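Okay, here's what each chain looks like letter by letter:
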Amino acid sequence: MESFYVSHTVLCTDAQAVAAVLAGRNAFVTPAHKGSVVVFDEASERQEPEVVLALGARLSSELQAPVLAVLNHDDDILMYALCEQGWVVDQYNSSPELFEPDQDAEPIGPQGGNAQRLVETFGSGEVETIEAILRKPATDEGYIFAYERHFELVKALGISEFGVNTGFKYLEAGEIPAGLEGEQLIRVE
């Protein structure tokens, strides 16, 4: 079974402040790890881009911290939005052609994504490494599964990997990422 998940990684270390911003939503918040806190929001899990982007923008505005909102669709598509001060400032789609009406069209490859901006925002990584991760095709010669690209990206940026290959529904079912204990999660309702 392929994965479907959404995570919002906030560049801050105050998990309680992140949870406070989410009051009234159904969500999980991780403890700070590698200078970041990860949010798993039930409403975002429906994978409606406007919901994912709105939460990323809100978190970045209210916490005055950059947010990397990531959506993995069926392990075929990895999309991200970088949000700063309430605005979406960078977007990326690993496989934009998958929802094109002409299924016989040639793949156009990954679109968007600003490696320089990511490195500057997160203060880690090398532009060339990040660029290679973003541009590698979603094929046998590149990334077969979208979560692999997500893992390489957060590793290169030096931020928490808790948001990789997990989401709200997985946590609710008791599937906890390696290195994290269930009681460490903050449940927001």
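As a reminder, the structure under discussion sits directly above these lines.
Just so we're clear, the structure is a prediction, and the values are computed from it rather than from any experiment.

## Considering the packing of helix H3 (residues 115–122) against helix H4 (residues 127–135)
- Remark: H3 packs on H4, axes separated minimally by 8 Å, with the N-to-C direction vectors making an angle of 125 degrees. What the angle tells us is that H3 and H4 run oblique. For the pair H3 and H4, the sense of crossing is right-handed. Contact residues: Ala115, Gln116, Leu118 and Val119 in H3; Val127, Ile130, Glu131 and Leu134 in H4.
- In the contact of H3 with H4, the residues fall into six nonpolar, one polar and one charged.

## Let's talk about the packing of aromatic side chains
- Summed over the entire model, instances satisfying the criterion amount to three aromatic pairs.
- Measuring from ring centre to ring centre gives 5.2 Å for Phe28 and Phe168, while their planes differ by 40 degrees; the resulting arrangement is tilted. With Phe28 in strand S2 (residues 27–29) and Phe168 in helix H6 (residues 168–172), this pair connects stretches of sequence that are 140 residues apart.
- When the centroid spacing of 5.4 Å and the interplanar angle of 20 degrees are considered together, the rings of Tyr80 and Tyr92 count as stacked. Residue Tyr80 is found in strand S5 (residues 77–84), and its partner Tyr92 is found in strand S6 (residues 87–93); the two are separated by 12 residues along the sequence.
- Taking relative accessible area as the criterion, Tyr80 reaches 3% and is therefore assigned buried.

## A look at the sheet that holds strand S3 (residues 37–41)
- In spatial order, the strands read S7-S6-S5-S4-S1-S3-S2-S8; together these eight strands make up an open sheet with antiparallel pairing. This sheet does not close on itself; its edge strands, each paired only once, are strand S7 (111–112) and strand S8 (186–188).
- Relative to S8, S2 is paired through three bridges, and the arrangement is antiparallel. From the neighbouring strand, Ala27 faces S8, where its bridge partner is Val188.
- Of the strands in this sheet, S5, S6 and S7 touch H4, which is tilted by about 60 degrees from S6.

## Some words on the side chain of Thr9
- Here Thr9 lies in strand S1 (residues 5–10).
- For Thr9, a relative accessible area of 3% translates into the label buried.
- What Thr9 contacts, discounting residues up to four positions off in sequence, is Ser36, Val37, Val38, Pro66, Val67, Leu68 and Ile159.

## With respect to the layout of surface pockets
- When its volume is computed, the largest pocket comes out at roughly 210 Å³.
- For the largest pocket, the lining is made up of 18 residues, of which Ser95, Glu97, Pro137, Ala138 and Thr139 are closest to its centre.
- A breakdown of the residues in the lining of the largest pocket according to their chemical character gives nine nonpolar, four polar and five charged.

Conventions used here
- Residues numbered from 1 in each chain as written.
- Predicted model: local features only at pLDDT ≥ 70, side-chain atom pairs only at ≥ 80, totals over all residues.
- Heavy atoms only, no water.
- Axes fitted to C-alpha atoms, helices over the stretch in contact; angles between N-to-C directions.
- Helix = DSSP H or I, 4+ residues; strand = E, 2+ residues; numbered from the N terminus.
- Parallel < 35°, antiparallel > 145°, perpendicular 65-115°, else oblique.
- Left-handed = near helix turned anticlockwise from the far one by under 90°.
- Contact = heavy atoms within 4.5 Å.
- Nonpolar A, V, L, I, M, F, W, Y, C, P; charged D, E, K, R; others polar.
- Phe/Tyr/Trp six-rings, centres within 6.5 Å; stacked < 30°, edge-to-face > 60°.
- Buried < 20%, exposed > 50% of the residue type's maximum accessible area, 1.4 Å probe, protein only.
- Pairing = 2+ DSSP bridges.
- 1 Å grid on protein atoms, 1.4 Å probe; cavity = no way out; pocket = protein on both sides within 12 Å on 5 of 7 lines; lining within 4 Å.
- Points joined across faces, edges and corners; volume = space filled by probe spheres on them.

By themselves, these observations are geometric and do not establish any function.
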